[in-house]
Amino acid sequence: MILKSKDVLGLKDMTAEEIGYILETAKTMKYILASKNKKTPHLQGKSIITLFYENSTRTRLSFELASKYMSASAANISASGSSVAKGESLIDTGKTIDMMGADVIVIRHSMSGAPHLLAQNVNASVINAGDGMNEHPTQALLDMFTILEKKGTLKNLKIAIIGDIYHSRVARSNIWGLVKMGAEVSVAGPATLMPPGIENLGIRVYSTIQEALIDADVVMGLRIQLERQKKALFPTVREYARFFGLDDKRLKFAKEDALVMHPGPVNRGVELSSKVVDCDQSVINEQVTNGVAVRMALLYLLTRRGSGENLN
């Protein structure tokens, strides 16, 4: 099997079969990460460029490490330190990178649709590392990989996503992916942070965190994205934490073995209490490791398109 597109722009248009193929490939990459020698020749001779117009720690670093673990030539471009600061357009920047022989361009941008625009104008494969309030497909893939690793399946699991749903590209990608893989998804958050019509995506919407948590197999907290809010959408952070923060008491509404997840960075005491972040059910740190494995899988699969080569 191969990925249908040369790019990974979102999970909305990706099939369940493709998602499953990526997650299966990530298992092999996880073995490489667990080994003492994290150096393989899988991407030898390939060039990976990360182009970030927004700040990032986990996503950017995990792509860079994924590239280097598989022997690719990796370089990073930040908007503030490039010709973008001189007024160069995204398309011109992309074409410049393309003409330098890049095989994959990983882009994070504040505008929804920016990776799609770039992909239409370059020969290199483009991976969306987060675009505005649209999607963050690699985060959702690592989330699904983490759940699959712990629960053995995604089908029929009850997943509760809590917090700033409206501004969250992570929530959107997870909803698209999890529903396609057969999970039952519920969301909860303040009415002002809930996108209109989101229930049409095949999920359940609750006004209280307790309702969404009942019998949940997985609880996913989301960061309040104040940087994307043009106006105050809730009275205070303290009041948000009081009504929608996940603490150890509220966690008891979920199943006893429910996983606790968060895409990071976590605002401790706001969306999750420190006690929940550090509890035995938390897999937040494992999500970081799995992020490298999933991104290794994506880089491998995209650079092997049409070659007929299988991962040994």
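Residues numbered from 1 in each chain as written. Predicted model: local features only at pLDDT ≥ 70, side-chain atom pairs only at ≥ 80, totals over all residues. Heavy atoms only, no water.

1. Considering the pattern of salt bridges
Oppositely charged side chains can form a pair if their charged atoms are brought close together.
Item 1. In the structure shown here, the tally under the stated rule is 10 salt bridges.
Item 2. The partner of Lys-151 in a salt bridge is Asp-257, with the nearest N and O atoms 3.4 Å apart. With Lys-151 in helix H5 (residues 137–151) and Asp-257 in the loop between helix H9 (248–251) and strand S9 (259–261), this residue pair connects regions lying 106 residues apart in the sequence.
Item 3. Of the charged contacts, one joins Lys-255 and Asp-217 as a salt bridge, the two residues approaching to 3.0 Å between their closest N and O atoms. Here Asp-217 lies in the loop between helix H7 (209–213) and strand S8 (218–221) and Lys-255 lies in the loop between H9 and S9, a separation of 38 residues in the sequence.
Item 4. With relative accessibility at 34%, the residue Lys-255 sits in the partly exposed group.
Item 5. The exposure class of Asp-217 is buried, given its relative accessible area of 8%. (Salt bridge = Lys/Arg side-chain N within 4 Å of Asp/Glu carboxyl O. Helix = DSSP H or I, 4+ residues; strand = E, 2+ residues; numbered from the N terminus. Buried < 20%, exposed > 50% of the residue type's maximum accessible area, 1.4 Å probe, protein only.)

2. Description of the packing of helix H2 (residues 58–69) against helix H11 (residues 284–303)
Item 1. Interhelical geometry of H2 versus H11 gives an angle of 55° and a closest axis separation of 8 Å. On the basis of the axis angle, H2 is oblique to H11. Considering the relative orientation of H2 and H11, their crossing is right-handed. Counted together, Arg-58, Thr-59, Ser-62, Phe-63, Ala-66, Ser-67 and Tyr-69 of H2 and Gly-291, Val-292, Arg-295, Met-296 and Leu-299 of H11 form the full contact between these two elements.
Item 2. Partitioned by chemical class, the residues of the contact of H2 with H11 number six nonpolar, four polar and two charged. (Axes fitted to C-alpha atoms, helices over the stretch in contact; angles between N-to-C directions. Parallel < 35°, antiparallel > 145°, perpendicular 65-115°, else oblique. Left-handed = near helix turned anticlockwise from the far one by under 90°. Contact = heavy atoms within 4.5 Å. Nonpolar A, V, L, I, M, F, W, Y, C, P; charged D, E, K, R; others polar.)

3. Some words on the sheet that holds strand S7 (residues 204–206)
Item 1. Taken together, the five strands give an open sheet; going across it, the order is S7-S6-S5-S8-S9, and neighbouring strands pair in parallel fashion. Of all strands in the sheet, those bounded by a partner on one side alone are S7 and S9. Each strand of the sheet is rotated relative to its neighbour by a mean of 20°, with strand direction disregarded.
Item 2. Bridge analysis of S8 against S9 gives three bridges, and the strand direction is parallel. If you follow Met-220 over to S9, its bridge partner there is Met-261. (Pairing = 2+ DSSP bridges.)

4. A closer look at helix H3 (residues 90–99)
Two residues of an α-helix separated by three or four positions point the same way, owing to the 3.6 residues in each turn.
Item 1. The set of residues buried in H3 consists of Leu-90, Thr-93, Gly-94, Ile-97 and Asp-98. The buried side chains of H3 occupy one side of the element, clustering within an arc of 135° when seen end-on.
Item 2. Those residues of H3 that are buried are in contact with strand S1 (47–52), strand S2 (73–78), strand S3 (104–109) and helix H4 (114–119).
Item 3. Following H3 by one or two positions, Gly-101 has its phi on the positive side, about 95°. (Arc of directions from axis to C-beta.)

5. Description of the domain arrangement of the protein
As a measure of interface size, the accessible area lost when the parts come together is often cited.
Item 1. Domain annotation for the protein reports domain 1 (16–135 + 289–304) and domain 2 (137–288).
Item 2. Using C-alpha coordinates to define each centre, domain 1 is positioned 25 Å away from domain 2.
Item 3. Each partner contributes to the interface: domain 1 provides 29 residues, whereas domain 2 provides 28 residues.
Item 4. The junction of domain 1 with domain 2 conceals about 2300 Å² of combined surface from both sides, 62% of it contributed by carbon and sulfur atoms.
Item 5. Considering only the surface of domain 1 that becomes buried against domain 2, Leu-23, Met-133 and Glu-135 emerge as the three largest contributors, covering 28% of it.
Item 6. Across the pair Glu-54 and Arg-169 runs a salt bridge whose closest N-O atoms are separated by 3.1 Å.
Item 7. For the interface between domain 1 and domain 2, the tally reads 16 residue pairs in polar contact (both at pLDDT 80 or more).
Item 8. Sorting elements by how many residues they give to the side of domain 1 that touches domain 2 places helix H1 (residues 16–34) first, with eight residues.
Item 9. Its residues placed into classes, the side of domain 1 that touches domain 2 shows 11 nonpolar, 10 polar and eight charged. (Domains from an automatic or database assignment. Buried area = accessible area lost by both parts, 1.4 Å probe. Polar contact = N/O pair within 3.5 Å; in protein donor to acceptor, adjacent residues only side chain to side chain.)

6. Quick word on the sheet that holds S2
Item 1. Spatial strand order, S2-S1-S3-S4: four strands in an open sheet with parallel pairing. The sheet terminates laterally at S2 and strand S4 (125–131), the two strands that pair on one side only. Adjacent strand axes in the sheet meet at a mean angle of 15°, parallel and antiparallel pairs treated alike.
Item 2. Where S1 and S2 come together, six bridges link them in parallel fashion. Bridged to Ile-49 within S2 is Ala-75.

7. Observations concerning the environment of Arg-58
Item 1. Of note, Arg-58 is situated in helix H2.
Item 2. For Arg-58, a relative accessible area of 38% corresponds to the partly exposed category.
Item 3. If sequence neighbours within four positions are ignored, Arg-58 has contacts with Pro-263, Gly-264, Pro-265 and Arg-295.

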